[in-house]
Amino acid sequence: MTFWNRKIVLVSTPTNKGTSRIEAAYQESDQRRFWVPCPDCGAEQVLTWTQVRWSKGPEGDHRPETARYHCAECDAAWRDETRWAAVSKGHWVAEQPFAGVVGFHLNEIYSPWVRLEAMVRAFLSARSGGDETMKTFVNTSLGETWVETGEAPDWQRLYDRREAWKPGTVPAGGLFLTAGADVQKDRVEVDVWAWGRGLESWLVDHVVIEGGPGDPTCWQRLTDLLGRSWTHANGVPMNIARLAIDTGYETSAVYAWARQVGFAQVAPVKGVDGFNRSAPVTGPTYVDATVAGKRLRRGARLWTVATSTFKAETYRFLRQERPTAEEVDAGAAFPPGTIHLPGWTDSEWLKQLTAEQLVTVRTRRGFAKLEWQKLRERNEALDTRVYARAAAWIAGADRWSEAYWSDMERQLAVPARVDAAGINPGRTARPASRRRAVRSNYMG
Ligand SMILES: [Zn+2]
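Remember, it's a predicted structure, so these values are computed and weren't measured experimentally.

Participant: In this structure, what is going on with the packing of helix 6 (residues 216–227) against helix 7 (residues 251–261)? I would like to understand it.
Facilitator: For any two helices packed against each other, the geometry comes down to the angle between their axes and how far apart the axes lie. Where helix 6 meets helix 7, the axes come as close as 11 Å, and the angle between the chain directions of the two elements is 40 degrees. Relative to helix 7, the element helix 6 lies oblique. For the pair helix 6 and helix 7, the crossing hand works out as right-handed. Seen from helix 6, the contacting residues are W219, L222, T223 and L226; seen from helix 7, they are A253, V254, W257 and V261. Its residues assigned to classes, the contact of helix 6 with helix 7 shows 7 nonpolar, 1 polar and no charged.

Participant: Mind showing me how you'd approach unusual backbone geometry here?
Facilitator: Residues other than glycine predominantly adopt negative phi, and peptide bonds predominantly adopt the trans conformation. Note the cis peptide between G283 and P284, where omega equals 0 degrees. When you line up the elements, P284 lands in strand 16 (residues 281–291). We note that L199 has phi near 60 degrees; this positive angle belongs to a residue other than glycine. As for its position among the elements, L199 is in the loop between strand 10 (187–195) and strand 11 (201–210).

Participant: Hey, could you run me through the coordination of the zinc ion in this one?
Facilitator: For a metal bound by four donors in tetrahedral geometry, the ideal donor-metal-donor angle is 109.5 degrees, whereas six donors in octahedral geometry ideally sit at 90 or 180 degrees. Distances from the zinc ion to its protein donors, namely C38 (SG), C41 (SG), C71 (SG) and C74 (SG), fall within the range 2.3 Å. Between the donor residues of the zinc ion, the gaps in sequence give the motif C-x2-C-x29-C-x2-C. Residue C71 is classed as buried on the basis of its relative accessible area of 1%.

Participant: Can you walk me through the sheet that holds strand 14 (residues 240–246) in this structure?
Facilitator: Strand-to-strand pairing in sheets goes through backbone hydrogen bonds, with the strands running parallel or antiparallel. Reading across the sheet, the 8 strands line up as 16-17-15-14-9-10-11-18 and stay open at both edges, with mixed pairing between neighbours. Because the sheet does not close on itself, it has two edges, and the strands there are strand 16 and strand 18 (339–340). Note: strand 16 against strand 17 (residues 294–306), 8 bridges, orientation antiparallel. Considered in strand 17, the bridge of A289 is made with L296. Across the sheet, helix 8 (residues 307–319) touches strand 15 (266–272), strand 16, strand 17 and strand 18, and the angle it forms with strand 17 is around 40 degrees. Contacting strand 9 (176–183), strand 10, strand 11, strand 14, strand 15, strand 16, strand 17 and strand 18, helix 11 (residues 380–395) crosses the sheet at an angle of about 135 degrees to strand 9.

Participant: I keep staring at the packing of aromatic side chains and nothing clicks. Help me out?
Facilitator: One pair of aromatic rings is described through two measures. These are the centre distance and the angle between the planes. One pass over the structure, following the stated rule, counts 17 aromatic pairs. Seen from their ring centres, W49 and W54 are 6.3 Å apart, and the 40 degrees between their planes marks the pair as tilted. The class for W49 is buried, based on a relative accessible area of 2%. For W54, a relative accessible area of 2% gives the class buried.

Participant: Whenever I open this one, the side chain of T384 confuses me. Can you help?
Facilitator: Tracing the backbone through its elements, the reader meets T384 in helix 11. In contact with T384, other than residues within four places in its own chain, are G180, A181, D182, E189 and D191.

Participant: Please clarify how the nonpolar core should be interpreted in this entry.
Facilitator: In globular proteins that are soluble, nonpolar side chains generally tend to be buried together. Of all hydrophobic cores here, the largest spans 64 residues; its most connected members are V190, L222, L243 and I245. Residue contributions to this core peak at 6 residues, all from strand 10.

Participant: Could you clarify how one ought to interpret the domain arrangement of the protein in this entry?
Facilitator: It is common to report an interface's size as the accessible area lost on association of the parts. Assigned domains within the protein: domain 1 (21–147) and domain 2 (155–410). Just the C-alpha atoms count here: the centres of domain 1 and domain 2 sit 36 Å apart. Listed as interface residues are 9 residues of domain 1 and, on the opposing side, 13 residues of domain 2. Between domain 1 and domain 2, a total of about 770 Å² is buried, with carbon and sulfur atoms accounting for 49% of that surface. The interface formed by domain 1 and domain 2 includes 0 salt bridges. At the junction of domain 1 and domain 2, the tally comes to 0 residue pairs in polar contact (both at pLDDT 80 or more). Of all the elements in the fold, those that place two or more residues in the side of domain 1 that touches domain 2 are helix 3 (116–128) and helix 4 (131–141). In terms of residues, the side of domain 1 that touches domain 2 owes the most to one element, helix 4, which gives 3 residues. Split into classes, the residues belonging to the side of domain 1 that touches domain 2 amount to 1 nonpolar, 3 polar and 5 charged.

What counts and what doesn't
Residues numbered from 1 in each chain as written. Predicted model: local features only at pLDDT ≥ 70, side-chain atom pairs only at ≥ 80, totals over all residues. Heavy atoms only, no water. Axes fitted to C-alpha atoms, helices over the stretch in contact; angles between N-to-C directions. Helix = DSSP H or I, 4+ residues; strand = E, 2+ residues; numbered from the N terminus. Parallel < 35°, antiparallel > 145°, perpendicular 65-115°, else oblique. Left-handed = near helix turned anticlockwise from the far one by under 90°. Contact = heavy atoms within 4.5 Å. Nonpolar A, V, L, I, M, F, W, Y, C, P; charged D, E, K, R; others polar. Donors = N, O, S within 2.8 Å, 3.2 Å for Na, K, Ca; no water. Buried < 20%, exposed > 50% of the residue type's maximum accessible area, 1.4 Å probe, protein only. Pairing = 2+ DSSP bridges. Phe/Tyr/Trp six-rings, centres within 6.5 Å; stacked < 30°, edge-to-face > 60°. Core = buried A, V, L, I, M, F, W, Y, C linked by side-chain atoms within 4.5 Å. Domains from an automatic or database assignment. Buried area = accessible area lost by both parts, 1.4 Å probe. Salt bridge = Lys/Arg side-chain N within 4 Å of Asp/Glu carboxyl O. Polar contact = N/O pair within 3.5 Å; in protein donor to acceptor, adjacent residues only side chain to side chain.

Have a look at this one:
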């Protein structure tokens, strides 16, 4: 305030499209981007991730060391040194008239300290994780806002591509089981999901336990479910590794039951809204529980789940392109995150899974905010999916090393596979041999 020539500087990576404050500030500026001349044809261009390409080996495995930047005009492939030399000859161009505020945008491709090989590795690793890791890549490496994908997939399309496998069994790619339990007034609904590499998942069972939280036999049947097993394609019996149960409806009954069966297998969860949380799941926190009328200080553990994040991830996974039956027969794998639904899934369950949509609303103070809204009353299938996904997170699936996944495969004697991220990179899911150079495709 003291100086006539003071400047205010805002620096940030962006967050979500439509709600990012640095994006809003940049929109108010003269919006400068850095233009770089091609050493081959001289065409000036803004460097974007879509021009980064790399090849794949005969097995369809990615070869990040072959990553090159391709000129948008003449397609010349630049090595890292070429790119750095080109960047040194670049200049800023404003896209809007100057009205007192200058704005600059850069991504990591401009960095003189980063090789494209490293960026491609980071991209592949981010893509094989869930939405959280991909969002971090888009925000911090590309400097772009993340577009939350909240449009519900069409339930009829999901109905038409249900897959046939023996009910009550776990397909070969499923390496561990989690469950999500939704407590209602008159019943508890539980869905059991199998998870594989790259968070590929299969709906294994749908159980409705009649009774509700006031009925002891209902809890007994939920306890029985924890001891039940489902048979893996290789004949190995599998139990539920983690069951996440919603505490929203009858908190004390859920705590009492969880205490009784133990927190190793059961995770009481509380859902919260909002996207800009540090992690999709936090906890556990120790909370008071009441058992048989007695109050126990810090007697239960509670996990907090950002349901918004997992709903968006689920819908993105459901909307992904998948290989055709013919391509699957020829050995093509499903992209990371693919959700497989069995033939017994009925239309009511599918309507529940697709019961919500993400909309942008304005808060009273005028900020844009993303919010999930129900399109129909019943949405238990979506809730239980989100809880089962949270259970996979709590079990550690988002952070397991390659060695850990291999170890699980060995225990189930599943033939080792190439990393799921390494199989099917293209949006067209074509066999790798037809097109060697793949365009990056981070929007999934
Ligand atoms: Zn060129």
